[in-house]
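Single-letter residue listing:
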Amino acid sequence: MNEFLLIFRRDNSKEAQPSPAALQDSIQPWQEWLGKLEAEGTLVSHGNRLRPEGTVIKAGKVVTDGPYPDIKESIGGFVIVKAADLAAATEIGKNCPVLNAPWNGSVEVRMLMKEA
């Protein structure tokens, strides 16, 4: 089995921000999805949600504030899962709650390289 990083992105625009009630309603689908992955033995790490503030370090050690509020999409969190291949990991990602309203999100699936 290989390990894959599922990166959750969501619409960061002001118009797409969910109401407090919608935020509360979104918790159960996430818990159910992660619980299913855990019960199947697929989940390697729950990861964590990411706070919106941060910095970006560029070549020459230039540090800027980020992520940028004018970017429409932001990374909200990640998990690590086990799967046979990229296609299987992609199938896992297709059931991620970030794809549903109110998030209007996306899931990036990337295979982790094994240490030599």
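Nothing here was measured: the structure is a model prediction, and the numbers come from that model.

Reading guide: rules and limits
Residues numbered from 1 in each chain as written. Predicted model: local features only at pLDDT ≥ 70, side-chain atom pairs only at ≥ 80, totals over all residues. Heavy atoms only, no water. Pairing = 2+ DSSP bridges. Helix = DSSP H or I, 4+ residues; strand = E, 2+ residues; numbered from the N terminus. Axes fitted to C-alpha atoms, helices over the stretch in contact; angles between N-to-C directions. Contact = heavy atoms within 4.5 Å. Core = buried A, V, L, I, M, F, W, Y, C linked by side-chain atoms within 4.5 Å. Buried < 20%, exposed > 50% of the residue type's maximum accessible area, 1.4 Å probe, protein only. Expected span 1.5 Å × (residues − 1). Arc of directions from axis to C-beta.

(A) Broad picture of the sheet that holds strand 1 (residues 2-11). If you trace the four strands from one edge of the open sheet to the other, you get 2-5-1-6, paired in antiparallel fashion. What marks the edges here is a single partner per strand, and that holds for strand 2 (43-45) and strand 6 (106-111). With strand direction ignored, the average angle separating the axes of adjacent strands in the sheet is 35°. Of the strand pairs in this sheet, strand 1 and strand 6 are connected by six bridges, and their pairing is antiparallel. By the bridge assignment, Leu-5 is partnered in strand 6 with Arg-110. In the packing of helix 2 (residues 86-93) onto the sheet, the strands contacted are strand 1, strand 5 (73-83) and strand 6, and the crossing angle to strand 5 comes to about 125°.

(B) Seen up close, the nonpolar core. Counting 16 residues, the largest nonpolar core has Phe-4, Leu-6, Phe-8, Trp-33, Val-79, Val-81 and Ile-92 as the members making the most contacts within it. Secondary structure elements with two or more residues in this core: strand 1, helix 1 (20-40), strand 5 and helix 2. At four residues, helix 1 tops the list of elements feeding residues into this core. Not counting chain neighbours up to four residues away, the residues in contact with Trp-33 comprise Leu-6, Phe-8, Val-79, Ile-92, Asn-95, Cys-96 and Pro-97.

(C) Representation of unusual backbone geometry. Even without being a glycine, Lys-61 presents a positive backbone phi close to 60°. Relative to the helices and strands, Lys-61 is located in the loop between strand 3 (54-58) and strand 4 (62-66).

(D) Fine view of helix 1. Its 21 residues place the ends of helix 1 31 Å apart at the C-alpha level, agreeing with the 30 Å of an ideal helix rising 1.5 Å per residue. Along helix 1, the residues that are buried comprise Ser-26, Trp-30, Trp-33, Leu-34 and Leu-37. Along helix 1, the residues classed as buried sweep out an arc of 95° about the axis, all on the same side. Within helix 1, the exposed residues directed more than 90 degrees away from the buried face are Gln-24, Asp-25, Gln-31 and Ala-39. Looking one or two residues past helix 1, Gly-41 carries a phi angle of roughly 80°, positive in sign.

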